[in-house]
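# A structural walkthrough
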Amino acid sequence: MDWQNGAALNQNLGKLSDEEKFFIKNHGHKISAGMAKREDKDLPAYIFWCPDCENFSYDCPRGSLEEQHLICHRCGEKIDFSPWWAGLKRELKSLLAWLRGLENHAEG
Ligand SMILES: [Zn+2]
């Protein structure tokens, strides 16, 4: 367990209302918990619910923007944190590829 994240989590959990905790736990919300220092960079940190170890957890998003994820500091479980439009962008890309295929077919 990452003691640094654990300490930050406890610090921030105390500031959350019961409603916020409910939404994090039952609706998979990620709630912004200010900034955290990571390798000399200040990154936005989030509190989220880990379905694997069933605990609140705390981390900064990792990975490329479209494949962002959080890692539970207790059990190491990877939690998806890609933005809402990442899935849409993937759909549009395949739609465009399909349209191009139609176009090429029509021309050929
Ligand atoms: Zn966990």
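Predicted model only: the values in this text are computed from it and were never measured.

## Here we look at unusual backbone geometry
Trans peptide bonds make up most of the peptide bonds, and negative phi angles are found at most residues other than glycine. Unusually for a residue other than glycine, Glu-39 sits at a positive phi of about 45°. Note on placement: Glu-39 falls in the loop between strand 1 (31-38) and strand 2 (41-50). You will see that Asp-40, though not glycine, has its phi angle at about 70°, which is positive. One can find Asp-40 in the loop between strand 1 and strand 2. A relative accessible area of 72% places Asp-40 in the exposed class.

## Let's talk about the nonpolar core
Core analysis: the largest hydrophobic core is formed by 14 residues, its most contacted members being Leu-9, Leu-13, Leu-16, Ile-24, Ile-47, Phe-56 and Tyr-58. Among the nonpolar cores identified, the runner-up in size contains seven residues, and Phe-48, Cys-50, Leu-70 and Phe-81 belong to it.

## Section: the side chain of Arg-38
In this fold, Arg-38 is placed in strand 1. Beyond its immediate chain neighbours, meaning those up to four positions away, Arg-38 contacts Asn-5, Leu-43, Tyr-58, Asp-59 and Cys-60.

## Observations regarding the sheet that holds strand 2
Judged by pairing direction, the sheet is antiparallel, and its three strands sit side by side in the order 1-2-3 without closing on themselves. In this open sheet, the two strands that pair with only one neighbour each are strand 1 and strand 3 (55-59). With direction set aside, neighbouring strand axes in the sheet form an average angle of 30°. Across five bridges, the pairing between strand 2 and strand 3 is antiparallel. Paired with Trp-49 across the strands is Phe-56, a residue of strand 3. Contacts from helix 1 (residues 3-13) reach strand 1, strand 2 and strand 3 within the one sheet, and its direction differs from that of strand 3 by about 110°. Its contacts with the sheet place helix 2 (residues 18-27) against strand 1, strand 2 and strand 3, and it is angled at close to 80° to strand 2.

Reading the values: the criteria
- Residues numbered from 1 in each chain as written.
- Predicted model: local features only at pLDDT ≥ 70, side-chain atom pairs only at ≥ 80, totals over all residues.
- Heavy atoms only, no water.
- Helix = DSSP H or I, 4+ residues; strand = E, 2+ residues; numbered from the N terminus.
- Buried < 20%, exposed > 50% of the residue type's maximum accessible area, 1.4 Å probe, protein only.
- Core = buried A, V, L, I, M, F, W, Y, C linked by side-chain atoms within 4.5 Å.
- Contact = heavy atoms within 4.5 Å.
- Pairing = 2+ DSSP bridges.
- Axes fitted to C-alpha atoms, helices over the stretch in contact; angles between N-to-C directions.

So, to be careful, I would describe these as geometric facts and stop short of saying anything about function.
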